[in-house]
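# Secondary and tertiary structure notes
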Amino acid sequence: MHFVAHFKTVCRHRHMVFRHCCRAGIPLQGLLHDLSKFSATEFLAGAKYYQGTRSPNEAEREQKGYSAAWMHHKGRNRHHFEFWTDYNPKTKCMEPVPMPMRYIVEMFCDRVAASKVYLGDAYTDAAPLAYFQRGKHIRTVHPRTAAVLEHLLTMLAEEGEAKTFAHIRKHCLKSHRE
């Protein structure tokens with residue numbers, strides 16, 4: 001088990017998300033980000049399946065056919081689009097619902113930080129967008145949520161962090177503050 005390495009990775013990721021959330025104007029969300037990763041369900045699996053180059057949830061899923069840590073995590077963290085599904089009484093199916101903007105912004109900060117942590121020196125501002133686009137065809141996310149996230153990731157890739165975080169503070173969170 002890789003307890004120390006996993007702990008360091010989680011802390012490095014959380015610290016980076018916090019810094020990004022501060023730049024985006026949602027510091028409290030950054031401070032509270034991913035606290036469930038310290039629960040036994042998530043932390044023990046993270047240490048057991050730790051590799052350092054990708055999420056331990058992927059390795060757990062490959063071995064067991066599912067990730068108990070991921071199911072625990074997505075059900076407690078509103079910055080994951082998977083949290084935002086509900087039963088539609090008309091279709092009688094589970095369907096994605098739109099995410100509130102503050103959680104889309106936190107999801108953006110999370111994806112950028114995860115890319116930086118897992119890619120290290122190979123990180124570029126285009127990396128989070130490339131990751132998003134690779135999984136686009138298999139994701140079940142509300143179209144409005146996906147459009148906003150893709151817009152922010154594209155802006156990051158094309159214009160950099162400074163302009164993207166300024167855009168988020170000025171345009172995305174305006175109604176959140178009012």
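To start, this report covers the structure provided alongside it. (Residues numbered from 1 in each chain as written. Predicted model: local features only at pLDDT ≥ 70, side-chain atom pairs only at ≥ 80, totals over all residues. Heavy atoms only, no water.)

### Quick look at the overall build of the protein
Across its full length, the protein carries ten helices and two strands. Computed over C-alpha atoms, the radius of gyration of the protein comes to 16 Å, within 12% of the 16 Å expected from 2.2 N^0.38 for 178 residues, which places it in the range of a compact globule. Counting only C-alpha atoms, the protein reaches 45 × 45 × 30 Å along its principal axes. Per-residue burial over the protein gives 43% buried out of 178 residues. Sequence separation of 24 or more characterises 60% of the internal contacts of the protein that already satisfy a separation of 6 or more. (Helix = DSSP H or I, 4+ residues; strand = E, 2+ residues; numbered from the N terminus. Rg over C-alpha atoms; globule rule 2.2 N^0.38 Å. Buried < 20%, exposed > 50% of the residue type's maximum accessible area, 1.4 Å probe, protein only. Contact = heavy atoms within 4.5 Å.)

### Things to note about the packing of helix α8 (residues 143-159) against helix α9 (residues 161-172)
Where α8 contacts α9, the axes come no closer than 7 Å and their chain directions differ by 145°. Contacts from H151, L152, M155, L156 and E159 of α8 reach α9 at E161, K163, T164, H167, I168 and C172. Grouping the constituent residues of the contact of α8 with α9 by class yields five nonpolar, three polar and three charged. (Axes fitted to C-alpha atoms, helices over the stretch in contact; angles between N-to-C directions. Nonpolar A, V, L, I, M, F, W, Y, C, P; charged D, E, K, R; others polar.)

### Some points on the pairing of strand β2 (residues 93-96)
Note that strand β1 (residues 85-88) and β2 share four bridges and pair antiparallel. Its bridge partner lying in β2, T85 is registered against P96. What sits between β1 and β2 in their antiparallel hairpin is a turn of four residues, with K92 showing a positive phi close to 60°. (Pairing = 2+ DSSP bridges.)

### Side note on empty space enclosed by the protein
Here the structure, examined in full by the defined rule, presents one cavity of 30 Å³ or more. Empty space within the largest cavity amounts to approximately 30 Å³. Looking at the largest cavity, the residues that line it are F81, M107, R111, F132, R139, V141, A146 and L149. Residue assignment for the lining of the largest cavity shows that the elements contributing at least two residues are α6 (101-119) and α8. Here the residues of the lining of the largest cavity are counted per class, giving six nonpolar, no polar and two charged. (1 Å grid on protein atoms, 1.4 Å probe; cavity = no way out; pocket = protein on both sides within 12 Å on 5 of 7 lines; lining within 4 Å. Points joined across faces, edges and corners; volume = space filled by probe spheres on them.)

### Overview of the pattern of salt bridges
Overall, the coordinates contain seven salt bridges when judged by the stated rule. Of the charged contacts, one joins E62 and R54 as a salt bridge, the two residues approaching to 2.9 Å between their closest N and O atoms. Note that K64 and E60 form a salt bridge whose closest N and O atoms lie 3.1 Å from each other. In this pair, K64 and E60 both sit in helix α4 (residues 56-64), four residues apart, roughly one turn of the helix. Each of R23, K116 and E161 takes part in a single network of salt bridges with overlapping partners. (Salt bridge = Lys/Arg side-chain N within 4 Å of Asp/Glu carboxyl O.)

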